[in-house]
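Chain residues, written in single-letter form:
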Amino acid sequence: MSANSSHSGSGAIIAALVANLGIAVLKFVAFILTRSSSMLAEAIHSVADSGNQLLLLVGGKVSQRAADEEHPFGYGRNRYIYAFIVSIIIFALGGLFALYEGYEKWHDPHGITEWQWVPVAVLVGAILLEGNSFRVAVKESRELKGTQGWFRFLRTSKTQSFQCFCWRMQAPFWA
């Protein structure tokens, strides 16, 4: 199958959605146990990531609708709109929570005095969930990329939601 396939990559996006919801639960539990504002900010970030994946799934579904009188060329470009909305949400919410976290730490600086193992448990759980999600993405993209190299595939793929998802999935592993 070529990179120009209409395959939506929804399996990888669903795996990421499940992983992000699981990570959000871990982080909310960590916040409840530690009262760490950074855990709350991270939990909300994971919920926002889950919302992004839902938007990508909706965009993929809407873009598959058949052409009609109002849209004679179909709805395929809606996928671009949803991917654009996702990028705006990622930057806006990320920036807002970075500001919130900075404000909280500036006005009430404190470390975790109890439950010090909780952030490590959250990190291990997140690595396992994200790792599985990444595994699903790689497995699904192998079918799409054919004989192309990975970077060429991601640069030339016309499946924006999948492309956006794959680039986003690499960030935690490079960090």
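Residues numbered from 1 in each chain as written. Predicted model: local features only at pLDDT ≥ 70, side-chain atom pairs only at ≥ 80, totals over all residues. Heavy atoms only, no water.

In the annotation of an unreviewed UniProt entry, the protein is listed under the name Cation transporter and assigned to Rothia aeria. The UniProt entry for the protein carries the following text under Subcellular location (unreviewed entry): "Membrane". (UniProt positions renumbered as here; feature names shortened; annotations may be inferred.)

Participant: I tried to follow empty space enclosed by the protein on my own but got confused; where do I start?
Facilitator: Rolled over the atoms, a probe with the dimensions of a water molecule shows which regions are left empty. Summed over the entire model, instances satisfying the criterion amount to 2 cavities of 30 Å³ or more. Of the pockets and cavities examined, the second largest cavity occupies roughly 50 Å³. The wall of the second largest cavity is formed by His45, Ala48, Asp49, Asn52, Ile89, Ile90, Leu93, Gly94 and Phe97. Of all the secondary structure elements, the ones that give two or more residues to the lining of the second largest cavity are helix H2 (37-63) and helix H3 (78-107). In terms of residue count, the dominant contributor to the lining of the second largest cavity is H3 (5 residues). (1 Å grid on protein atoms, 1.4 Å probe; cavity = no way out; pocket = protein on both sides within 12 Å on 5 of 7 lines; lining within 4 Å. Points joined across faces, edges and corners; volume = space filled by probe spheres on them. Helix = DSSP H or I, 4+ residues; strand = E, 2+ residues; numbered from the N terminus.)

Participant: Got a minute to help me understand the packing of helix H1 (residues 10-34) against H2 in this structure?
Facilitator: The axes of two packed helices give the description: the angle between them and the distance between them. At a minimum axis distance of 8 Å, the contact between H1 and H2 shows a crossing angle of 160°. If you check the angle between H1 and H2, you find them roughly antiparallel. Note on packing geometry: the crossing formed by H1 with H2 is left-handed. Class assignment for the residues of the contact of H1 with H2 results in 18 nonpolar, 6 polar and 3 charged. (Axes fitted to C-alpha atoms, helices over the stretch in contact; angles between N-to-C directions. Parallel < 35°, antiparallel > 145°, perpendicular 65-115°, else oblique. Left-handed = near helix turned anticlockwise from the far one by under 90°. Nonpolar A, V, L, I, M, F, W, Y, C, P; charged D, E, K, R; others polar.)

Participant: Would you mind going over unusual backbone geometry with me for this structure?
Facilitator: Leaving glycine aside, a negative phi is the common case for residues, and trans is the common case for peptide bonds. The phi dihedral of Arg35 is positive, around 60°, even though this residue is not glycine. When you line up the elements, Arg35 lands in the loop between H1 and H2. At Trp115, a residue that is not glycine, the phi angle is positive and equals roughly 60°. With respect to the helices, strands and loops of the structure, Trp115 is situated in the loop between H3 and helix H4 (118-145).

Participant: Just checking my understanding: could you explain H3 for this structure?
Facilitator: Because the α-helix completes a turn every 3.6 residues, residues three or four places apart line up on one side. If you check H3, its first and last C-alpha atoms are 43 Å apart, about what 30 residues at 1.5 Å a residue would give, namely 44 Å. Those residues of H3 lying buried are Arg79, Tyr82, Ala83, Val86 and Glu101. (Expected span 1.5 Å × (residues − 1). Buried < 20%, exposed > 50% of the residue type's maximum accessible area, 1.4 Å probe, protein only.)

Participant: How do you make sense of H4 when you look at a structure like this?
Facilitator: Here H4 is 28 residues long and its end C-alpha atoms lie 39 Å apart, about the 40 Å a rise of 1.5 Å per residue gives. The positive-phi residue at the C-terminal boundary of H4 is Gly146, with phi of around 65°.

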